[in-house]
Amino acid sequence: PLFAGMNGSAIENFSCVIYSISLMNCTWQVGRDAPADTQYFLYWQNSRDDEEMECELYIKDENGRNMGCRFQNVRIETEKAHFLVNGSS
């Protein structure tokens, strides 16, 4: 089951940009009402059947919270990719 978490703890303004063919930067904003010790983790997969890959290189804010990811050697093979950011406090 998916746990909804606290209201206001979900990330906002998630976006990913691919450049130089195989590099991808994803960024998000920390949830407005997320507890200060919330840490976020990003996973993505090409399709529901592929294995999930976790971010290898997180971009952190001044409080050490993950607020983005740099991917290298990305191959998006279909028109749709799936992204999941979960947080724990």
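Residues numbered from 1 in each chain as written. Predicted model: local features only at pLDDT ≥ 70, side-chain atom pairs only at ≥ 80, totals over all residues. Heavy atoms only, no water.

Trainee: I'm lost on the environment of Gly 68 in this one. Help?
Mentor: For Gly 68, the location among the structural elements is in strand β6 (residues 66-71). When its relative accessible area of 0% is taken as the criterion, Gly 68 is described as buried. For the pair Gly 68 and Tyr 40, spaced 28 residues apart in sequence, the C-alpha to C-alpha distance is 9.1 Å. (Helix = DSSP H or I, 4+ residues; strand = E, 2+ residues; numbered from the N terminus. Buried < 20%, exposed > 50% of the residue type's maximum accessible area, 1.4 Å probe, protein only.)

Trainee: Hey, could you run me through the sheet that holds strand β7 (residues 82-88) in this one?
Mentor: Strand pairing in a sheet is mediated by backbone hydrogen bonds. Such pairs are either parallel or antiparallel. On the basis of which strands lie adjacent, the open sheet formed by three strands has the order β4-β3-β7 and antiparallel pairing. Edge positions in the open sheet fall to β4 (53-54) and β7, since each of these has one partner strand only. One ladder, built from seven bridges, connects strand β3 (residues 39-45) with β7; its direction is antiparallel. By the bridge assignment, Gln 39 is partnered in β7 with Ser 88. (Pairing = 2+ DSSP bridges.)

Trainee: Would you mind showing me how to read the sheet that holds strand β2 (residues 23-29) here?
Mentor: Taken together, the four strands give an open sheet; going across it, the order is β1-β2-β6-β5, and neighbouring strands pair in antiparallel fashion. Taken across any chain shown, the strands that pair with only one partner, and hence form the sheet edges, are β1 (12-19) and β5 (57-60). Ignoring strand direction, the axes of neighbouring strands in this sheet form an average angle of 20°. The sheet contact formed by β5 and β6 spans four bridges and is antiparallel. Directly across from Ile 59, in β6, lies its bridge partner Gly 68. (Axes fitted to C-alpha atoms, helices over the stretch in contact; angles between N-to-C directions.)

Trainee: Explain the pairing of β6 here, please?
Mentor: Along any regular strand, the residues point their side chains to alternate faces of the sheet. In terms of strand pairing, β2 meets β6 through four bridges, oriented antiparallel. Its bridge partner being in β6, Met 24 is matched across the sheet by Phe 71. Hairpin connection from β5 to β6: five residues lie between these consecutive antiparallel strands, with Gly 64 at a positive phi of about 85°.

Trainee: What exactly am I supposed to notice about the packing of aromatic side chains here?
Mentor: What describes a pair of aromatic rings is the distance from one ring centre to the other and the angle between the planes of the rings. Counting across every chain of the model gives five aromatic pairs. For the ring pair Trp 44 and Phe 83, a centre distance of 6.1 Å and an interplane angle of 20° mean the geometry is stacked. One end of the pair, Trp 44, is in strand β3; the other, Phe 83, is in strand β7, with 39 residues separating them in the sequence. Judged by its relative accessible area of 32%, Phe 83 falls in the partly exposed class. The structure contains a cluster of three or more aromatic residues connected by ring pairs, namely Phe 14, Trp 28, Trp 44, Phe 71 and Phe 83. (Phe/Tyr/Trp six-rings, centres within 6.5 Å; stacked < 30°, edge-to-face > 60°.)

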